[in-house]
Amino acid sequence: MAQNQFSSRTILVITIVIAVLLMVVIWPLSMVGKGSAQSASDADAIYGRILPVAKLAYQKPAATAAAGEPRSGEAVYKAVCMACHASGAAGAPKAGDKDAWAPRIATGTDALVASATNGKGAMPPKGGAADLTDDEIKAAVEHLLGLVK
């Protein structure tokens, strides 16, 4: 049995030929699907397809002081406090819930006004409405206490 032995030169030439053929085939295939440079209208069309379905916009509460007059406790409650105290969000006692408000009422109105002014737990100072005056906060606290009775 005769064995065919290739010389190292023949193996090198075969390897180079295969490598060149692979580059000639793979390089054009790698360019498929890349397309050409996009025009502005194509970019606009793509942007329109990937826009979010909805947008979220925050708005300032509608209850603002009219002509320098203080807002009523009910107006402040509806504009600021109701967001958490109507649903009990973040552990806020629900408006009208006697059991939840009983220990708070026991501390006194001044302590409740201080808590509302300085913030407590998840509630930010002034309920997050920095433009509230002390009188408006007191009126809102009294309104909330009135809902409990």
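Each chain has its residues counted from 1, following the order in which its sequence is written. This being a predicted model, a pLDDT of at least 70 is required before a residue's local features are given, and a value of 80 or more before pairs of side-chain atoms are given or counted; all residues contribute to the totals for chains, interfaces and linings. No hydrogens and no water enter the side-chain calculation; it runs on all heavy atoms of the structure.

Visitor: Help me understand the overall build of the protein, please; the structure alone is not making it clear to me.
Guide: From N to C terminus, the protein includes six helices and zero strands. Every helix listed is a DSSP run of H or I at least four residues long, and every strand listed is a run of E at least two residues long, numbered separately from the N terminus. Helices (α) and strands (β) of the protein occur, in sequence order from the N terminus, as α-α-α-α-α-α. When contacts within the protein are restricted to residue pairs at least 6 apart in sequence, long-range pairs at least 24 apart make up 49% of them. Accessible area for the protein stands at about 11400 Å²; split by element, carbon and sulfur atoms hold 62% of it. Contact definition: two residues touch when any of their heavy atoms are within 4.5 Å. Note that accessible areas follow from Shrake-Rupley with a 1.4 Å probe, and for residues the cover is restricted to the protein chains shown.

Visitor: Looking at this model, I keep getting lost on unusual backbone geometry. Mind explaining?
Guide: Trans peptide bonds make up most of the peptide bonds, and negative phi angles are found at most residues other than glycine. Phi angles above zero are rare outside glycine, and Ala90 is one such case at about 55 degrees. Mapped onto the secondary structure, Ala90 falls in the loop between helix H3 (73-85) and helix H4 (98-107). With a relative accessible area of 65%, Ala90 lands in the exposed category. A positive phi is found at Lys126, a non-glycine position, where the angle reads about 55 degrees. With respect to the element layout, Lys126 can be found in the loop between helix H5 (109-118) and helix H6 (134-148). To sort residues, take the accessible area from a 1.4 Å probe on protein chains only and compare it with the maximum for the residue type: under 20% means buried, over 50% means exposed, and anything in between is partly exposed.

Visitor: I would appreciate a short explanation of H4 in the present structure.
Guide: For the α-helix, the turn length of 3.6 residues means that residues three or four positions removed from each other point alike. In protein, a polar contact requires one atom able to donate a hydrogen and another able to accept it; more generally it is a pair of N or O atoms within 3.5 Å, and residues adjacent in sequence count only if both atoms are side-chain atoms. Two or three places before Asp99, at the opening of H4, Asp97 has a side-chain oxygen 3.3 Å from that residue's backbone nitrogen. Gly108, located one to two residues past H4, shows a positive phi value of around 105 degrees.

Visitor: Would you mind showing me how to read H5 here?
Guide: Among the residues of H5, those classed as buried are Leu112, Val113, Ala116 and Thr117. Taken end-on, H5 shows its buried residues confined to a sector of 135 degrees, consistent with a single buried face. Along H5, the residues that are exposed and aim more than 90 degrees away from the buried face are Asp110 and Asn118. Summarising the contacts, the buried residues of H5 are in contact with H4 and H6. Taken from the residues just after H5, Gly119 is the one with a positive phi, measuring 90 degrees. Directions pointing from the helix axis toward each C-beta atom define the arc.

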